[in-house]
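Structure at a glance
Single-letter residue listing:
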Amino acid sequence: MNGMRVKLSFSFNAIGASSPLYITVTGLTDEEMPIEEDMLVVEVPGLCVGGGVGSNDQVGYVVFTKKNSGADQTRFEHYHKNDLKPMIDKYRERLYNYDSDSGAAIPRELFAVACSDGGLPQVKAVANDPDFFIENLITMMKQNAARTGVEQPADLAKVFKVIKLCTKTYTVSNIDPSDHPLKKLLWEAFHSGELTCLNLNDKKKRSLIDFIPSFADMAGKALTERNIRHGFIESGMIDQDKHKYPVLTKILGTCKTPITIELYNKFISNFTRLYKVMLENGHIPDEYYDELGFPKDKDVNGNDVLREAGISQESQQRSKILTHPEQSRLRKKRLDELKAKRQRIETEKREKEFLKIKDVIDIRDRLSNMLFQDNVMCLDTSDLQLCTFEHFHKLRAPELVKFILAHDPNFTTKSQLDGWRKGQSESDKEAQIQALHNETPNEELKCTTIVAFRCRHLPCKYDLTTQLEAEEEVNGNVDEPTPARANVAELSLQVANKFSSCDAWLFSVIEFFGVRRMVLNAYETIDDEMKAKADMLVKILRQRMQQLMNSRGVDKKRREHWVINTANKNLAVVAAYMVLLNHVKNDVSRLDETNSLLSLDTSKFVDCRSSLSMNSHIGAYLYYDTNIGEFIRSGKVSAKGFLDRHEEHAKAAAREASSDNKFYTLYPTKANPRSKSTLAKGVFESLTQYEAASFDMSNGCVNKDFADGGVMILSDADKVNIESS
């Protein structure tokens, strides 16, 4: 329409009613729509059946969207909340006297089923917020993408055909705005109202000012009860007489392939089984049909068509329940897998980059040490101009290549130095020194020693300081680096190993955390397998802590807080403790980011209600769901006992008012009406509280470094911070 694409969105129900009119003008440029938002929504009174010049002031919607990849999904998300749901609420009140504004729970028998076609933006709009539909008892389904033309009531209704015919003749262009209320409203909106923010040319404005009021007239002719209901009857969803019951022969009649008696009987005899599969899974994969002997789909050439689309291609799947818990679980699992894969790739990339930088730092340190041995004062590793050709000749061939790639802008890839040599012999060195005096070009010499020497004055391509800071955020390097550049990655592994090689340290750990009764023969039972497990666990915990901070948007300033640094440094203590008490699963190396590390053997943990529990201690606790058999939450106490904290949780879980805390939404008490909600995962009474780790704050080991008889890695600065906290 004059260079604009206008989309019309409808929702019909089987009694022959339509949702409020919803018009979208899509694909506007930033120049045409110079606002920050990608979508502009305008409520238009009178944009409805019987509106226009009539007395009906029901609100319709005109939506403007920019040309971007997520525009359609955003549009459908708005449509679901502001057009579809109000329509459902309206008929729940009209037919069953349920007022959605009362705050009362929706009766289960008033659940609604909404079907859409298989378009990807519509599927994403539902998948992005399934809880919205679950909370409002709306089951969202999608039709088989390839069969909406013969299965979907909206497509089979006469509405679209009538609208198409009307667009050729309906117009209000000849009517003055002052004589047409809706046209006047739009004219004022474009010239002095909320649509003045749009920079549409006059031709486009006139087209919209003419089309929108005309569409209200078209809707009056097209959206009749008979036209809408026709689609539901033709698809077999309701019968012709009572307009209430599905008609199986009509439904089967939508198939292009003729239904034989044999096929009909096969369907009837297996209906219960297929229905059960749909109830349990929200979708019937093709293997079920194949197993039962149903014929495969055919293409136009008569060849079998395989429908193998999985959860990653939902829009291409057969009809399914988008809001079904199993489909939501599969969707979440795939998203978690994709996220884990991206994080692995990013971690590998960072590690590779860090190793490259570490190599350069080591080479520069080696050159600095050579200067020091020659009694040359070098205040900084960047001051390498003092290095002689002899110093560079002492470097190994791989070191020269790495130095060149880090400093010489003429070399960016290792392959550029293929075939270049260092020159090992004294005669080679003398020839190279002579070539330096003669200023022979690098390309002619093809000698890595000369190239490295010539670029020694150039700045390093890598920002070594920034990169090292980034690595410290990941690995939690010690606050005060030692001359040997020891970092927590190395120190942590040493400490994780100490719990089996240092009896004194092991004794301190057992006494500090009060776990002697849980670890009776620790000194005799620790073996190399436990050491290796602790070392592996340190790496996993470090990676997961970084991922946690990334997912929660922890900025650099907060990551540098002493508490985070101290926690990072002491992940080795955590690993040693967890392995010592068998708190982790047997083979942690096979667990990805989506798997819990915690053992499911609760006998390895102290029940906070038992006589073994030190409820006067502070520390961390866990909640175990006895129904699903897994740990579902962790928490901490610092000024009260574990059981006191448990009572606080119980009181919060008993409150009937909805909570912003997801824990109380998922686990209300049994007597709480919210326990009947579809959002509830269980009840609070099914949870058992266990100690994860507890200690007495008055214990002298709290503020001691492990080298001084404590259990943690603590710098002098850490001790001061702990003392003052």
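Notes on the nonpolar core
If you look at the biggest cluster of nonpolar residues, it comprises 48 residues, and the most contacted ones within it are Phe512, Phe513, Leu537, Leu580 and Phe631. Only helix 21 (503–513), helix 23 (528–551), helix 26 (571–580), strand 11 (618–625) and strand 13 (687–695) provide two or more residues apiece to this core. With nine residues, the single largest contributor to this core is helix 26. By size, the runner-up hydrophobic cluster in this structure holds 42 residues, among which are Leu40, Leu198, Met218 and Ile228.

Notes on the environment of Val451
Structurally, the position occupied by Val451 is in helix 18 (residues 448–454). Looking at Val451, the relative accessible area reads 1%, which means it is buried. For the pair Val451 and His407, spaced 44 residues apart in sequence, the C-alpha to C-alpha distance is 10.0 Å. In contact with Val451, not counting residues within four places along its chain, are Ile404, Asp408, Phe411, Trp420 and Asn442.

As for the packing of helix 7 (residues 181–191) against helix 8 (residues 202–222)
Where helix 7 contacts helix 8, the axes come no closer than 9 Å and their chain directions differ by 150 degrees. The orientation of helix 7 relative to helix 8 falls into the category roughly antiparallel. Our pair here, helix 7 against helix 8, has a crossing hand that is right-handed. The segment helix 7 lies against helix 8, with Leu182, Lys183, Leu186, Trp187, Phe190 and His191 engaging Lys205, Leu208, Ile209, Ile212, Pro213 and Ala216. In terms of residue class, the contact of helix 7 with helix 8 is built from nine nonpolar, one polar and two charged.

Remarks on the pattern of salt bridges
Considering all chains together, one arrives at 31 salt bridges under this definition. Ionic pairing is found between Asp30 and Lys66, a salt bridge with its closest N-O pair at 3.4 Å. With Asp30 in the loop between strand 2 (22–28) and strand 3 (39–45) and Lys66 in strand 4 (residues 59–66), this pair connects stretches of sequence that are 36 residues apart. Relative accessible area serves as the criterion here: at 53%, Asp30 is assigned to the exposed category. Looking at Lys66, the relative accessible area reads 9%, which means it is buried.

Regarding the sheet that holds strand 11
The four strands are arranged 10-13-11-12 in an open sheet whose pairing can be described as antiparallel. This sheet does not close on itself; its edge strands, each paired only once, are strand 10 (606–607) and strand 12 (630–637). Relative to strand 12, strand 11 runs antiparallel, the two being bridged by seven bridges. Bridge assignment links Asp625 to a residue of strand 12, and that residue is Glu630. Against the sheet, helix 27 (residues 642–654) touches strand 11, strand 12 and strand 13, its axis set at about 50 degrees to strand 11.

Re helix 2 (residues 120–127)
Those residues of helix 2 not exposed but buried are Gln122, Val123, Ala125 and Val126. Axial view of helix 2: buried residues confined to an arc of 160 degrees, hence all on one face. Against the buried residues of helix 2 lie helix 1 (71–96), strand 5 (112–116), helix 3 (130–135) and strand 6 (138–142).

As for helix 16 (residues 426–437)
Helix length check: helix 16, at twelve residues, gives a terminal C-alpha distance of 17 Å against a target of 16 Å (1.5 Å per residue), a fit within 8%. When we look at burial in helix 16, the residues that qualify are Lys429, Gln432, Ala435 and Leu436. All buried residues of helix 16 fall inside an arc of 120 degrees around its axis, so they share one side. For helix 16, the exposed residues lying more than 90 degrees away from the buried face are Glu430 and His437. In this structure, the buried side of helix 16 is in contact with helix 14 (389–393), helix 17 (442–445) and helix 18. Looking one or two places after helix 16, you find Glu439, whose phi comes out positive at around 55 degrees.

A word on the packing of aromatic side chains
What the rule picks out here adds up to 31 aromatic pairs. Seen in terms of ring centroids, Phe663 and Tyr664 are 5.4 Å apart; in terms of plane orientation they differ by 45 degrees. Their pairing is tilted. For Phe663, a relative accessible area of 5% corresponds to the buried category. Residue placement shows Arg94 over the ring face of Tyr91; its charged tip is 5.6 Å from the ring centre. Between Arg633 and the ring centre of Phe663, over which it is positioned, the NZ or CZ distance is 4.4 Å.

Each value, and the rule that gives it
Residues numbered from 1 in each chain as written. Predicted model: local features only at pLDDT ≥ 70, side-chain atom pairs only at ≥ 80, totals over all residues. Heavy atoms only, no water. Core = buried A, V, L, I, M, F, W, Y, C linked by side-chain atoms within 4.5 Å. Buried < 20%, exposed > 50% of the residue type's maximum accessible area, 1.4 Å probe, protein only. Helix = DSSP H or I, 4+ residues; strand = E, 2+ residues; numbered from the N terminus. Contact = heavy atoms within 4.5 Å. Axes fitted to C-alpha atoms, helices over the stretch in contact; angles between N-to-C directions. Parallel < 35°, antiparallel > 145°, perpendicular 65-115°, else oblique. Left-handed = near helix turned anticlockwise from the far one by under 90°. Nonpolar A, V, L, I, M, F, W, Y, C, P; charged D, E, K, R; others polar. Salt bridge = Lys/Arg side-chain N within 4 Å of Asp/Glu carboxyl O. Pairing = 2+ DSSP bridges. Arc of directions from axis to C-beta. Expected span 1.5 Å × (residues − 1). Phe/Tyr/Trp six-rings, centres within 6.5 Å; stacked < 30°, edge-to-face > 60°. Lys NZ or Arg CZ within 6 Å of the ring centre and 35° of its normal.

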